[in-house]
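Geometric and topological summary
The chain contents come next:
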Amino acid sequence: MKWNLLTSETTRVVKLPDDIYPIDLHWFPRSIGGKKQSQAESFVLTSSDGKFHLISKLGRVEKSVEAHCGAVLAGRWNYEGTALVTVGEDGQVKIWSKSGMLRSTLAQQGTPVYSVAWGPDSGKVLYTSGKQLIIKPLQPNAKVLQWKAHDGLILKTDWNSVNDLILSAGEDCKYKVWDSYGRLLYSSQPHEYPITSVAWAVDGELFAVGSFHTLRLCDKTGWSYALEKPNTGSIFNIAWSIDGTQLAGACGNGHVIFAHVVEQRWEWKNFEITLIKRRTMEVHNVINDAVDLLEFRDRVIKASLNYGHLVVSTSLQCYVFSTKNWNTPLIFDLKEGTVSLILQAERHFLLVDGGGLYLYSYEGRLISSPKFPGMRTDILNAQTVSLSNDTLAVKDKADEKVIYIFEALSGKPLGDGKPISHKTEIVEIALDQKGLTSERKIAFIDKNRDLHITSVKRFGKEQKIVKIGTMVQTLAWNDTSNILCGIQDTRFTVWYYPNTVYVDKDLLPKTLYEKDASEFSKNPQIVHFVGNQITIRRADGSLIHLSISPYPAILHEYVSSSKWEDAVRLCRFVKDQTMWACLAAMAVANKDMVTAEIAYASIGEIDKVQYINSIKDLPSKESRMAHILLFSGNTQEAETLLLQTGLIYQAIQVNINLYNWDRALELAVKHKTHVDTVLAYRQKFLEDFGKKETNKRFLQYAEGVSITQNYSYSFCPACSS
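Rules used in this analysis
Residues numbered from 1 in each chain as written. Predicted model: local features only at pLDDT ≥ 70, side-chain atom pairs only at ≥ 80, totals over all residues. Heavy atoms only, no water. Pairing = 2+ DSSP bridges. Helix = DSSP H or I, 4+ residues; strand = E, 2+ residues; numbered from the N terminus. Axes fitted to C-alpha atoms, helices over the stretch in contact; angles between N-to-C directions. Buried < 20%, exposed > 50% of the residue type's maximum accessible area, 1.4 Å probe, protein only. Phe/Tyr/Trp six-rings, centres within 6.5 Å; stacked < 30°, edge-to-face > 60°. Lys NZ or Arg CZ within 6 Å of the ring centre and 35° of its normal. Polar contact = N/O pair within 3.5 Å; in protein donor to acceptor, adjacent residues only side chain to side chain. Contact = heavy atoms within 4.5 Å.

**Describing the sheet that holds strand S23 (residues 214–219)**
The sheet built from four strands is open, its strands ordered S21-S22-S23-S24 with antiparallel pairing. Only two strands of the sheet have a single neighbouring strand rather than two, namely strand S21 (195–200) and strand S24 (224–228). In this sheet, adjacent strand axes meet at a mean angle of 15° when their direction is disregarded. Where S23 lies against S24, four bridges are found, and the strand directions are antiparallel. When the bridges of S24 are listed, Cys 218 appears paired with Ser 224.

This is the structure in structure tokens:
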């Protein structure tokens, strides 16, 4: 049957012969990468006589195929619509082409397979086997993953392509959430009756659970938003609409139940916004208790509240409200319709739909539409896309180790156009929000839960990717200063100045704030980091608000406007080692050695104070610069700078001091100067350690240059003579 949701009229689509019963149906995927499919108006219907039928929207049976012995219990198209998987009472899992030709029998077992789902990249299939779940890749000889998931028969399973999580429902009256490695992330309490259906919303943020007289709406982490008790018998199947705003359920009493998701909430500073009906929002200002109602022409699909703006997408339009004035929104029409993600930065916002990425200004002007080869926008979410005022970062799905970086205003790849690539798969990415474009940083968590940071701007030279945390569950940048917070293992950590790793790595531990995170229970998520307030959602759905010290943000502000004296005054007032450590790193990063000296002295790093003093006494600006680079550990850049300005001897001396003997000799020979000096230092070094010369190059030059042992060299550092 089919229902028209607007007019509520019911029509019969197709009637099978009397003794044959339809069991499962699945629509052909509507579109891929924004392109409409030719076959999009058809569906597959499986039936009790062991056949499946390809049927057009109008009810014409295009093809019937003998597939299994006994009933065909489920049939599913893959995400591209290039293959169909069917499972049956005969325990077989079969893969078919789009026209219904058998490609392969993927598995055979002795028990019926009740449910099946495709993996996100259509390369694997998940199916049930009694109390077990099995993930089998289509490639022959690839490793099969199998685990015991429930204490009773598993009735339903679903695998989401955006978040890569798996749902299962069993006769043990529980539903569970798993990751794609078969690790349990959530298990519900036992219900009164078996769980008969589970289904992910397309964007992977919500899922629905059906049981006897029961319909539940849950967050992707497992906790429950809402519980309804409709008088329907068991709900055997749940289907979500493509925009994730409503669902339909097939009920045991012969009814179809329709449900709409309402009462989503958005918070920012003193505003609280609730979707009270499908087309109405309520804005509550908690400072003066003012309430505004926002009415929309069509149903609301997605919304985002941040940086003083509320962006709402309905099925046909996009509304932009300023929090200063709720009466006059800016409205523009949408091409595609179903927006799957809205991300905001201070100056602009990003809309993601099935067709692409669109960057708009808050005045509603389309700024750019970045693209990369093989882009699939339908599987992007807030963890895999990040936006700042000048940069957009997107994690690729085809190669999970790669992050594409775009210039926001032009939509072109940044720098030399090469993406950032890491050695393992990346799970979550985040761009910092403030500061200069040339210093934009990106933080990301990889599959091993290590937190790394790297610079976004890359011209030729490989930027170092530096690890700054381990076992990190979740992260967020502050909205007004470049402070990063995250939860690592059992500690809640704030990196007050993550850039420290590029300036003075040993200082990083001193610039952190750490706090015990056991009160957040397992798998907490950071929702917001606004001002000095951090909002964390626990695994049971409750929100916890944390405040951190306001001083580091003030310090960031002073430093960004070069108010060094104010910064020193602030640190003296606060009397906190962490603040002094941050100031020391900020000063070195901005080459302000006077402030750096004060800050290092305050945290007792006497060796560094002495080194900074020795830098101040150097005669030429270039050598001072080179030594500041050396201080931050950039030996290569320091040497290049010295060579460019003709300070050959200093470049050689730098390498000698670092015991880079080969490089020192190579420079001396190349510039035909001070070869004897290098050899003398090398000889003294070997004598001190009682070693013999074994390096062939040094032996070769030592024969050619005789070194008189009895006098010592001294050089004028100013002119290297």
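**What to know about unusual backbone geometry**
With a phi angle near 55°, Asp 489 is a residue other than glycine that sits in the positive phi range. Structurally, Asp 489 is set in the loop between strand S49 (484–488) and strand S50 (491–495). Residue classification places Asp 489 among the exposed residues on the basis of a relative accessible area of 53%. A positive phi is found at Lys 672, a non-glycine position, where the angle reads about 50°. Structurally, the position occupied by Lys 672 is in the loop between helix H10 (661–670) and helix H11 (675–688).

**Considerations on the packing of aromatic side chains**
This model, assessed by the stated rule, comprises 28 aromatic pairs. With centroids separated by 6.1 Å and ring planes inclined at 40°, the aromatic side chains of Phe 321 and Trp 326 adopt a geometry described as tilted. The buried category is assigned to Trp 326, whose relative accessible area is 9%. With a centroid separation of 6.1 Å and 50° between ring planes, the pair formed by Tyr 659 and Trp 661 is classed as tilted. Members of the aromatic cluster, joined through ring pairs, are Phe 271, Phe 296, Tyr 319, Phe 321 and Trp 326. Between the NZ or CZ atom of Arg 682 and the centre of the ring of Phe 698, over which it lies, the distance is 4.7 Å.

**Examining the side chain of Asp 179**
Mapped onto the elements of the fold, Asp 179 is located in the loop between strand S19 (175–178) and strand S20 (184–187). Under the relative-accessibility criterion, Asp 179 is labelled buried at 10%. Side-chain polar atoms of Asp 179 contact the backbone nitrogen of Tyr 181, separated by 2.9 Å. Apart from residues no more than four positions distant in its own chain, Asp 179 is found in contact with Asp 164, Leu 165, Ile 166 and Leu 185.

These figures capture arrangement, not role.
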